[in-house]
Amino acid sequence: MKLDRFFQSLLLTGAVVVFINTPAKGEQVREDVQGESSTQRIGKSRLDPRVAVTDVISKSQVSVPNTRKPRLLKFQLGSPLQRAKSDETTKNISQLSEIELPATSAQMLVQSPTPTNPPNPQQTSGDGVVPIAGVKANPTQTGVELILETPLGEQLQVTNRSTDNNFIADIPNAQLRLPNGDAFIFRSEKPLAGILEITATNLDANTVRVTVVGENALPTVELFDDDTGLVFGVTSAAATAQQPPQQPETPQAQQPPNQTPQQPETPQAQQPTNQTPPEESTAQSDEPIELVVTGEADGYRVTDTTTGTKTDTPLRDIPQSIQVIPQEILRDQQITGLDDALRNVPGVSESFSSAASNFFSIRGFDAAATNLLRDGLVDPLAGQLNELTSIERVEVLKGPASVLFGLGNPGGVINLVSKRPLSDPFYAIDATVGSYSFYRGALDLSGPLNDSKTVLYRLNTAYRNRGSFIDFYSGEQFNISPVVSVAIGDKTNLTLEGEYIDARDSYISGVPVIGTVLPNPNGEVSRNRNFGEPSDEITQTITRLGYQLEHKFSDNWSLRNAFRFTFRDYSDRQTIPLSLDADNRTFNRFYREYDLENTNYALTTNLVGKFSTGSIQHQLLFGIDWNRLENFSPRYIERRAESIDIFNPVYGLPLGEITFDEFSDNSETNSLGIYLQDQIALTDNLKFLLGGRFDTYDQKYEDFTNNTESSGSDSAFSPRFGIVYQPIPAISLYASYTRSFTPPNGTFFFGVDSTLQPERGTQYEIGVKADLNSRLSATLSFFDLTRTNVSTADPNNEGFTIQVGEQNSQGIELSLAGEIVPGWNIFAGYAYIDARITEDNTFAVGNRLPNTPEHSFNLWTTYEIQQGELQGLGAGIGLFFVGDRAGDLDNTYDVPSYVRTDAAIFYNRDRFRVALNFKNLFDVDYFESALSSSRVYYGQPFTVQGTISWRF
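Residues numbered from 1 in each chain as written. Predicted model: local features only at pLDDT ≥ 70, side-chain atom pairs only at ≥ 80, totals over all residues. Heavy atoms only, no water.

This paragraph deals with the overall build of the protein chain. Helix and strand counts for the protein chain stand at six helices and 52 strands. Relative to its full complement of 952 residues, the protein chain shows a buried share of 58%. If you take every contact in the protein chain between residues at least 6 apart in sequence, the share linking residues at least 24 apart comes to 68%. With the model as given, the accessible surface of the protein chain reaches about 37300 Å², and the carbon-plus-sulfur share is 55%. (Helix = DSSP H or I, 4+ residues; strand = E, 2+ residues; numbered from the N terminus. Buried < 20%, exposed > 50% of the residue type's maximum accessible area, 1.4 Å probe, protein only. Contact = heavy atoms within 4.5 Å. Areas by Shrake-Rupley, 256 points an atom, 1.4 Å probe, with all protein chains shown as cover.)

Time to look at the nonpolar core. Counting 31 residues, the largest nonpolar core has Leu-146, Leu-148, Ile-171 and Phe-232 as the members making the most contacts within it. Other than its neighbours up to four places away in sequence, Ile-171 contacts Leu-148, Leu-156, Gln-157, Val-158, Asn-206, Thr-207, Val-208, Leu-230 and Phe-232. One finds Leu-338, Val-345, Phe-360 and Leu-388 within the second-largest nonpolar core, a separate group that totals 25 residues. (Core = buried A, V, L, I, M, F, W, Y, C linked by side-chain atoms within 4.5 Å.)

Read across the sheet, three strands follow the order E19-E20-E21 without closing on themselves; strand pairing throughout is antiparallel. The open sheet is flanked by strand E19 (348-353) and strand E21 (365-366), the only strands paired with a single partner. Relative to strand E20 (residues 358-362), E19 runs antiparallel, the two sharing five bridges. Bridge pairing links Glu-350 to Phe-360 in E20. (Pairing = 2+ DSSP bridges.)

Okay, the side chain of Asp-340 next. By secondary structure assignment, the location of Asp-340 is in helix H5 (residues 338-342). On the basis of relative accessibility, which here comes to 14%, the residue Asp-340 falls in the buried class. In this structure the side chain of Asp-340 is engaged in a polar contact, spanning 3.5 Å, whose partner is the side chain of Lys-919. Filtering out sequence-adjacent residues up to four positions away, Asp-340 remains in contact with Gln-333, Ile-335, Arg-900 and Lys-919. (Polar contact = N/O pair within 3.5 Å; in protein donor to acceptor, adjacent residues only side chain to side chain.)

Following the criterion strictly, the structure yields 51 salt bridges and no others. Across the pair Lys-453 and Asp-424 runs a salt bridge, and its minimum N-O distance is 2.6 Å. With Lys-453 in the loop between strand E27 (438-448) and strand E28 (455-466) and Asp-424 in the loop between strand E25 (412-418) and strand E26 (426-434), this pair connects stretches of sequence that are 29 residues apart. Its relative accessible area of 18% is what places Lys-453 among the buried residues. (Salt bridge = Lys/Arg side-chain N within 4 Å of Asp/Glu carboxyl O.)

With that settled, the discussion passes to the packing of aromatic side chains. According to the stated counting rule, one finds 22 aromatic pairs in the structure shown. With 5.4 Å between their ring centres and 80° between their planes, Tyr-594 and Tyr-636 make a pair best called edge-to-face. Residue Tyr-594 is found in strand E34 (residues 586-613), and its partner Tyr-636 is found in strand E35 (residues 616-645); the two are separated by 42 residues along the sequence. Taking NZ or CZ as reference, Arg-363 lies 4.0 Å from the ring centre of Phe-783, over its face. The lysine or arginine in question, Lys-769, covers the ring of Tyr-734, its NZ or CZ lying 5.2 Å from the ring centre. (Phe/Tyr/Trp six-rings, centres within 6.5 Å; stacked < 30°, edge-to-face > 60°. Lys NZ or Arg CZ within 6 Å of the ring centre and 35° of its normal.)

Okay, the sheet that holds strand E51 (residues 935-938) next. Strand pairing in a sheet takes place through backbone hydrogen bonds and is either antiparallel or parallel in direction. Read from one edge of the open sheet, three strands run E31-E51-E50, paired in antiparallel fashion. Edge strands, defined here as strands with exactly one partner in the open sheet, are strand E31 (511-512) and strand E50 (927-930).

Turning to a nonpolar patch on the surface, a few remarks are in order. On the surface, Phe-622, Ile-624, Leu-672, Ile-674 and Leu-676 cluster together to form a nonpolar patch covering roughly 410 Å² of accessible area. Contributions of two or more residues to the nonpolar patch are made by E35 and strand E36 (658-683). Top contributing element to the nonpolar patch by residue count: E36, with three residues. Secondary-structure assignment places Leu-672 in strand E36. For Leu-672, a relative accessible area of 36% puts it in the partly exposed group. (Patch = residues over 30% accessible without salt bridge, like charges linked within 9 Å, V, L, I, M, F, W, Y side chains within 5 Å.)

Relative to the helices and strands, Pro-421 resides in the loop between E25 and E26. As for Pro-421 and Val-483, which are separated by 62 residues in sequence, their C-alpha atoms are 6.9 Å apart.

Inspection of the secondary structure assignment puts Ala-462 in strand E28. On the accessibility criterion, Ala-462 (3% relative accessible area) is buried. The contacts of Ala-462, once residues within four sequence positions are left out, are Glu-387, Thr-389, Arg-440, Gly-441, Ala-442, Gln-477, Phe-478 and Asn-479.

Side-chain positions along a regular strand alternate between the two faces of the sheet. Burial of strand E6 (residues 144-149) is extensive: five of the six residues sit out of reach of the surface. Note: strand E5 (residues 134-139) against E6, six bridges, orientation antiparallel. Pairing of Gly-134 across the sheet is with Glu-149, part of E6. Where E5 folds back on E6, the antiparallel hairpin that results is connected by four residues.

Our next topic: the pairing of strand E40 (residues 759-773). Here E40 lies mainly inside the structure; 13 of its 15 residues are buried. As judged from the twelve bridges shared by strand E39 (residues 731-742) and E40, these two strands associate in the antiparallel manner. Each residue of the ladder has a partner; that of Leu-733, found in E40, is Val-768. Both E40 and strand E41 (residues 776-793) contribute to a ladder of 13 bridges, which runs antiparallel. Looking at E41, one finds that Val-768 is bridged to Leu-780. Hairpin connection between E40 and E41: a loop of two residues separates the two successive antiparallel strands.

For the rest of this paragraph, the subject is the confidence of the model for the protein chain. The pLDDT averaged across the protein chain works out to 81; a share of 79% of its residues lies at or above 70. Contacts from residues 73-127, a stretch scored under 50 in pLDDT, to residues over four places away or in other chains number 125 contacts. (pLDDT = per-residue confidence, 0-100.)

Next up on the list: unusual backbone geometry. In the Ramachandran plot, Ser-437 falls in the positive-phi region, its phi being about 55° despite a non-glycine side chain. Tracing the sequence through the fold places Ser-437 in the loop between E26 and E27. Overall, Ser-437 belongs to the partly exposed group, its relative accessible area being 44%. Its identity as a non-glycine residue notwithstanding, Lys-453 has a phi of 60°, on the positive side.

Glancing now at the environment of Asn-528. Its place among the elements puts Asn-528 in the loop between E31 and strand E32 (537-552). Look at Asn-528 and you get partly exposed, because its relative accessible area is 29%. Sequence separation between Asn-528 and Val-511 is 17 residues; the distance between their C-alpha atoms is 9.1 Å. Within the structure, the side chain of Asn-528 is placed 2.7 Å from the backbone oxygen of Phe-469, a separation counted as a polar contact.

This is the structure we're talking about:
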């Protein structure tokens with residue numbers, strides 16, 4: 001696919017999207033923050049997930065208390081002149097010399113990193129993000145009032161951004177956050193005559209937007225400071241003409257079952273058609289009735305990430321494809337391993353799996369050790385023993401990422417984002433039982449350690465014991481992950497974290513290609529076969545220790561420093577198949593004993609600053625990081641093992657002589673990188689991303705057995721450029737150019753050839769990101785990715801390599817995530833990838849890259865009943881299609897395509913949840929991955945897992 005076709009496709013796609021989303025001439029469309037029309041309502045007063053918002057239904061009208069202090073700024077924007085003055089206010093952007101602003105100044109919207117921990121409700125400083133723990137809507141004698149509940153209401157800064165009939169106020173130093181740290185959205189439709197909708201939503205990581213949509217005119221809004229928080233007093237001309245005012249609407253489905261329907265105080269004809277009639281006021285009914293609605297967290301749609309920019313940036317403002325698998329997907333699919341999580345990401349496929357580790361390819365290229373991240377730090381062991389108990393979500397950045405994270409293959413990076421401490425007590429316990437003797441228990445504890453809530457903790461621990469459909473496999477794993485967060489003053493936060501994992505697994509050999517993928521005249525090999533030995537075992541422990549230190553110099557400038565030490569002690573004793581004899585039944589094997597110690601250090605420091613140059617807004621990122629990867633093998637030996645009959649295996653035969661004597665070696669890679677990035681907003685709808693990074697690295701290899709040593713060093717520059725144009729707020733058209741580098745032979749190697757240049761990756765990508773409504777978003781991307789300086793065998797010098805190889809991957813990816821209607825969630829994706837060899841002197845040009853299907857598709861959708869006696873009952877269905885894949889670079893065979901169907905039934909009630917998950921519902925035989933020309937791996941058959949969860 002040529003680049004000119006890419007841009008033609010983008011222009012055509014953008015034209016279609018703009019045509020669909022542009023209103024007809026004369027049609028009035030009111031847009032919210034995502035550009036959603038006010039006529040596109042989703043239910044009555046629908047709340048976003050995991051909400052603890054309070055709609056207050058008062059049986060008598062509420063008067064504004066006399067203790068309230070009106071703000072100096074009064075929003076009465078009924079005339080064009082007043083609106084013009086408001087618009088001038090929004091254009092008043094700070095200069096470099098004006099970064100420090102008083103708390104009452106109007107500021108343009110800017111982005112800010114999300115705090116590592118939820119905001120502290122007890123904070124007293126105006127610096128930082130103010131938490132808003134709840135939202136109330138009360139009727140008053142003149143209209144309705146919206147209360148943002150926080151003890152720090154006077155610290156909230158308000159900027160008027162009103163337009164047409166929409167009153168819009170941005171609060172650039174606040175977040176809607178529950179006590180447990182989860183975000184929410186408040187929405188109330190037709191709360192009074194003349195007002196179509198009132199919403200309060202998180203616009204980005206530190207900005208709350210309040211929107212009041214007038215029916216025929218701009219509403220009048222007054223601001224008050226109150227002990228309970230910031231109050232928006234809303235009135236409209238229609239409401240003033242109809243006394244008494246209408247009451248804020250509350251969804252009928254959210255009323256307590258024993259609540260008596262309220263009787264109207266005013267003539268029915270004067271009420272909106274969907275308005276719940278209020279009762280007549282009585283002496284006994286003056287107290288308000290509070291209705292608290294609790295739901296799920298932000299759902300399947302995630303709007304912000306740090307993986308793409310190292311700053312907390314809306315996904316639609318990042319000119320690169322990013323997929324986020326949120327906690328709700330991990331919960332609904334009962335995912336405990338990284339392999340099952342990444343099944344939901346188009347363009348990612350499993351290249352090899354075993355009981356102890358998983359390896360993946362992204363857009364056709366292997367995700368090397370340095371393509372794995374933990375909380376934004378390079379962590380080569382993130383794919384090992386990937387129990388996800390302590391993981392909040394998984395983020396995948398597609399394409400080269402060296403400008404942010406240094407050395408790595410060009411396909412993309414996988415970032416595991418850890419759970420963080422909560423400011424209020426939270427306790428959760430999960431117990432799971434499943435097929436093939438699967439048992440798992442998990443515990444999640446969090447809360448404050450002192451009364452002032454300046455010291456918070458989180459502790460995740462899990463134990464798993466399991467069997468398998470594969471003969472004589474068993475495994476067990478224990479992990480514990482403590483985190484402590486300490487607020488050192490108002491502007492500094494220190495997080496200390498650790499993790500310990502202890503695991504034991506049997507060895508899984510895979511099965512031969514002939515007799516499974518390819519026909520065998522002797523018959524078909526059972527998918528249950530294991531051609532290792534029952535005594536084979538893999539044991540390992542992983543230890544992680546680290547910290548994150550964050551300091552805010554002001555609202556606009558912050559510093560982050562993070563360090564992590566990771567150590568793995570690995571040992572295996574296993575019998576490994578090699579090749580099948582000509583009789584198509586004798587599998588040759590060898591036995592090895594291998595000890596390995598991995599030691600990794602990652603240190604990063606970055607400075608983030610927000611400022612303006614004239615009318616242009618900037619978010620600047622400057623950073624430096626250092627990584628050290630060391631792999632020491634104190635012992636490696638090989639012995640001859642008896643061959644095994646794949647149709648009539650006999651185990652336990654004695655081992656033969658040593659074929660490879662005891663061997664010991666060590667490899668080490670050090671890298672240092674300096675990077676600079678600027679996110680530039682020329683206008684509200686035109687943004688640029690410019691970045692560059694310079695890396696220097698050195699490699700050393702020591703062969704202790706033969707007393708030899710080799711080393712080398714080099715440097716590389718990795719640029720990044722992107723542009724985002726938003727013709728309407730709901731649509732982002734983007735294009736980007738990125739490059740990456742990888743040391744020759746990767747980072748784990750046997751010998752260093754200092755004459756080789758770094759491998760390079762170059763990607764061009766264009767795409768469209770669309771918010772289909774306030775709860776559903778989609779991304780369509782077109783990419784062309786080339787990997788150069790690929791090492792190939794030197795035909796003139798046996799045992800040496802030359803860099804004449806080139807590989808190319810191009811394709812299309814589409815993803816969809818969010819909520820279609822209340823209770824109905826969807827998470828889906830499709831990928832077309834054409835990944836081939838374009839230059840080589842060993843393999844044929846045009847050969848497909850292994851384990852990369854041309855077509856893949858994933859769909860997961862759930863529905864949960866929202867009201868009635870069956871409220872909380874839900875079900876889910878998943879379809880996962882993986883097309884034909886090449887089994888090796890020679891393309892000697894294809895791994896066949898498959899469709900796997902998963903399903904779930906669950907029930908949520910208050911803090912209790914019970915679920916049944918069915919994987920491979922129709923027991924389809926399929927192959928997960930291919931290791932070589934002789935071995936492939938079956939996917940799991942039909943399995944059932946039942947889970948009981950309790951939150952308290």
